[in-house]
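Each chain, letter by letter, is given below.
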Amino acid sequence: MLKFHNTLTNNLEEFQPLDGNDVKMYVCGPTVWSFAHIGNFRTFVFGDVLRRYLKYKGYNLTHVFNLTDVDDRIINEAKKAGKTIDEFTAPFIEAFWEDFDALGLERPEIAPRATQHVAEMIQIIETLLENGRAYESDGSIYYRIAAFPDYGKLSKINFAGNVSGASGRVDTDKYDKENANDFALWKLVDADEPTGWDASFGRGRPGWHIECSAMAIKYLGETFDLHAGGVDLKFPHHENEIAQSEGATGKQFAKVWLHSEHLKVEGETMSKTAGNYFTFRDLIEKGYAATAIRYLLFSVPYHKQLNFTFETLDGAEQTIARLRDFRKRLQEANLPDGINTDLEGKVRGFLADFETAMDDNLNTSVALAALHNLVRETNTAMAHEVACTEDRSLILHIIDKFEAVFGIFGEPQEEILDSEIENLIEERRAARRNRNFARSDEIRDLLSEKGIVLEDTKDGVRWKRK
Ligand code: AMP
Ligand code: ZN
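Residues numbered from 1 in each chain as written. Chains lettered and ligands numbered in written order. Predicted model: local features only at pLDDT ≥ 70, side-chain atom pairs only at ≥ 80, totals over all residues. Heavy atoms only, no water.

A.B. asks: Would you take a moment to explain the overall build of the protein chain for this structure?
C.D. replies: Along the backbone of the protein chain there are 14 helices and 16 strands. Over its C-alpha atoms, taken along the principal directions, the protein chain stretches across nearly 75 × 60 × 35 Å. Intrachain contacts of the protein chain at a sequence separation of at least 6 include 75% that bridge at least 24 residues. Here the protein chain displays about 21,200 Å² of accessible surface, and carbon together with sulfur accounts for 47% of that area. (Helix = DSSP H or I, 4+ residues; strand = E, 2+ residues; numbered from the N terminus. Contact = heavy atoms within 4.5 Å. Areas by Shrake-Rupley, 256 points an atom, 1.4 Å probe, with all protein chains shown as cover.)

A.B. asks: Whenever I open this one, the site of ligand 1 confuses me. Can you help?
C.D. replies: For ligand 1, the set of nearby residues contains 17 residues, the closest of which are G39, T43, D232, L263 and M270. A distance of 3.0 Å is found between a nitrogen atom of ligand 1 and a backbone nitrogen or oxygen belonging to G39. Within the side chain of T43, one N or O atom sits 2.7 Å away from a nitrogen atom of ligand 1. Starting from 500 Å² of accessible surface for ligand 1 in isolation, the protein chains cover 92%. When its residues are assigned to classes, the shell around ligand 1 shows 5 nonpolar, 9 polar and 3 charged. (Near = heavy atom within 4 Å. Polar contact = N/O pair within 3.5 Å; in protein donor to acceptor, adjacent residues only side chain to side chain. Nonpolar A, V, L, I, M, F, W, Y, C, P; charged D, E, K, R; others polar.)

A.B. asks: Please explain the packing of aromatic side chains as it appears in this structure.
C.D. replies: Geometry of an aromatic ring pair is reported as the spacing of the ring centres plus the angle between the planes. Summed over the entire model, instances satisfying the criterion amount to 33 aromatic pairs. Consider the rings of F35 and F92, whose centres lie 5.4 Å apart with planes at 80°: the pair is edge-to-face. Here F92 lies in helix 3 (residues 85-102) and F35 lies in the loop between strand 3 (22-27) and helix 1 (38-56), a separation of 57 residues in the sequence. Taking relative accessible area as the criterion, F35 reaches 34% and is therefore assigned partly exposed. Owing to a relative accessible area of 16%, F92 belongs among the buried residues under this scheme. Each member of the aromatic cluster is reached from another via a ring pair, and the members are F41, F44, F65, F96, W97, F100 and F280. One residue, K272, lies across the ring of Y277, its end atom 5.1 Å from the ring centre. Over the ring of Y288 we find K464, and its NZ or CZ is 5.2 Å from the ring centre. (Phe/Tyr/Trp six-rings, centres within 6.5 Å; stacked < 30°, edge-to-face > 60°. Buried < 20%, exposed > 50% of the residue type's maximum accessible area, 1.4 Å probe, protein only. Lys NZ or Arg CZ within 6 Å of the ring centre and 35° of its normal.)

A.B. asks: I keep staring at the pairing of strand 6 (residues 140-143) and nothing clicks. Help me out?
C.D. replies: Put simply, side chains in a regular strand alternate between the two faces of the sheet. Alternating positions in strand 6 separate into two faces, S140 and Y142 on one and I141 and Y143 on the other, with burial throughout. Pairing of strand 5 (residues 134-137) with strand 6, which is carried by 4 bridges, proceeds in the antiparallel orientation. In the sheet register, E136 faces strand 6, and the bridge partner there is I141. Linking strand 5 to strand 6, which pair antiparallel, is a turn of 2 residues; within it D138 sits at a positive phi near 50°. Of the pairings in the sheet, the one linking strand 6 to strand 8 (residues 182-188) comprises 3 bridges and is antiparallel in character. Among the inter-strand pairings, Y143 is bridged to a residue of strand 8, identified as F183. (Pairing = 2+ DSSP bridges.)

A.B. asks: How do you make sense of the coordination of the zinc ion (ligand 2) when you look at a structure like this?
C.D. replies: Ideal geometry at a metal centre: 109.5 degrees between donors when four sit tetrahedrally, and 90 or 180 degrees when six sit octahedrally. Protein coordination at the zinc ion (ligand 2) comes from C28 (SG), C212 (SG) and H237 (NE2), with a distance range of 2.1 to 2.2 Å. Sequence spacing of the donor residues for the zinc ion (ligand 2), all on one chain, is C-x183-C-x24-H. With a gap of 25 residues between them, C212 in helix 5 (residues 209-220) and H237 in helix 6 (residues 234-249) connect regions that are remote in the sequence. Per residue, the accessibility class of C212 equals that of H237, and both read buried. (Donors = N, O, S within 2.8 Å, 3.2 Å for Na, K, Ca; no water.)

A.B. asks: Any chance you could explain the domain arrangement of the protein chain here in plain terms?
C.D. replies: How big an interface is tends to be reported as the loss of accessible area on association of its parts. Segmentation of the protein chain into domains returns domain 1 (3-260), domain 2 (278-406) and domain 3 (418-465). Taking the mean C-alpha position of each, domain 2 and domain 3 sit 32 Å from one another. (Domains from an automatic or database assignment.)

A.B. asks: Before we go on, may I ask you to explain the packing of helix 13 (residues 418-433) against helix 14 (residues 437-449) in this structure?
C.D. replies: Where helix 13 contacts helix 14, the two axes come as close as 8 Å, and the packing angle between them is 160°. Classified by the angle their axes make, helix 13 and helix 14 are roughly antiparallel. In this structure, helix 13 meets helix 14 at a crossing whose hand is left-handed. Taken together, the residues of helix 14 that come into contact with helix 13 (itself represented by I421, L424, I425, E427, R428, A431 and R432) are F437, R439, S440, I443, R444, L446 and L447. For the contact of helix 13 with helix 14, the residue count by class is 8 nonpolar, 1 polar and 5 charged. (Axes fitted to C-alpha atoms, helices over the stretch in contact; angles between N-to-C directions. Parallel < 35°, antiparallel > 145°, perpendicular 65-115°, else oblique. Left-handed = near helix turned anticlockwise from the far one by under 90°.)

A.B. asks: Explain the environment of V49 to me, please; I cannot follow it from the model alone.
C.D. replies: Mapped onto the secondary structure, V49 falls in helix 1. Looking at V49, the relative accessible area reads 3%, which means it is buried. Linking V49 and F298, residues 249 residues apart in sequence, is a C-alpha distance of 8.0 Å. Discounting chain neighbours no more than four positions away, the residues touching V49 are R294, F298, M358, T364 and V405.

A.B. asks: Is there a simple way to explain the sheet that holds strand 4 (residues 60-65) in this structure?
C.D. replies: Within a sheet, neighbouring strands are paired by backbone hydrogen bonds and run either parallel or antiparallel to one another. Taken together, 4 strands build an open sheet; the order of strands is 4-3-10-11 and the sheet is parallel. In the strand order of this sheet, the two ends are held by strand 4 and strand 11 (254-260), each with one partner. Across the sheet, the mean angle from the axis of one strand to that of its neighbour is 20°, orientation sign disregarded. Bridging between strand 10 (residues 224-230) and strand 11 involves 6 bridges; their strand directions are parallel. By the bridge assignment, G230 is partnered in strand 11 with S260. Strands in contact with helix 1 are strand 3, strand 4, strand 10 and strand 11; relative to strand 10, the strand with the most contacts, it is inclined by about 150°. The sheet strands contacting helix 5 are strand 3, strand 4 and strand 10, and the helix crosses strand 3 at an angle near 165°.

Here's what the structure looks like:
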């Protein structure tokens, strides 16, 4: 029985979709003003594992994942670069999907962009103006939190005593929890500002929170099953999404809310502002495999903090290599016909352990332990020559089931022998001696395609498999 810890109720609850076998889910996506860092990707990998496990359980999924392509930073950065916001965000959107695919994240069914849904946002703001939950001040439109008595039900922050109205308004999208105030739904823009949309209540641009209400309702309906995002979004972003949506429709917005904890570096949240971040690209350039980065990011359950170190990333590299090697050895082993029922019983037990762990609020570390136990038991059976052909078929089938959720084995690469690598490195050395850098680069690229990374050190060239 699949259970989730629902932030809204603060309980571990059995998951029951609203509509039979169909699950509707919304995950907040990136702000495309720069390259996403691996902290962002921890949250997106969590969204992917959630997605894959729901599919594993046989649900039909509609998964919406938005791109925030307009906010203060994007507008300012675009202006500095002398570009429109679309021109400015285009390369970051392209890079984002490249990284997303490389990390083995499955594309969501719908990936809407904020700038393409401003009409839907305007409609919700109009409803809120009509029912008194929004008001105009100095040309901008604010949400009146005092008119929504449930405000605070997600973040469990007690807002009693907070001043609402002119003295308690905030214009910034990201504010801290001491500042529970009326927030901007629509910001007035100067007449000569190129980024702006016309609305019945004046030309302006949307605040950050309204986009998710508009896109979730448009694609998933007024009430839907699951809403997820990083823990920093709980307040104010998700609290505000609830206030806007429920304030406009009068119906419950999302039933279940899931929040993933942050990726930390030496105890601090990895973030652009703190400067303590690595993008996915940084790590790939250092020679790490995407599958190892993915493994690291979900190896700790989503609701626990994960501390990033290069030691653990190196460990993940070795683990991935060991797993791949195991699968290959098993595929190629010369085994006696038949089945070893003792081994069969054990490996079926590991599959059951995996499902029990994932059912328990996606406990990925215990689920991974089931995979490692399967590898250990099978290795022992192979060493004692008691693994048989039918066990092999079953074990490979179970690995495929794990893989449908974990996505860590990656595409099988064409093998290259150590001796071939050494020969190519020798040829590259000769090419460099002869100042034939074109050939030297060609060899490096060829090796890279085969998953081999070269490192030029003062003691010569070192290589490793990705
Ligand atoms: P942003 O691009 O800033 O809108 O953030 C995109 C997503 O990344 C949000 O769901 C954030 O909660 C999440 N996020 C930001 N920093 C971290 C971090 N250090 N660890 C995990 N998730 C993060
Ligand atoms: Zn959102």
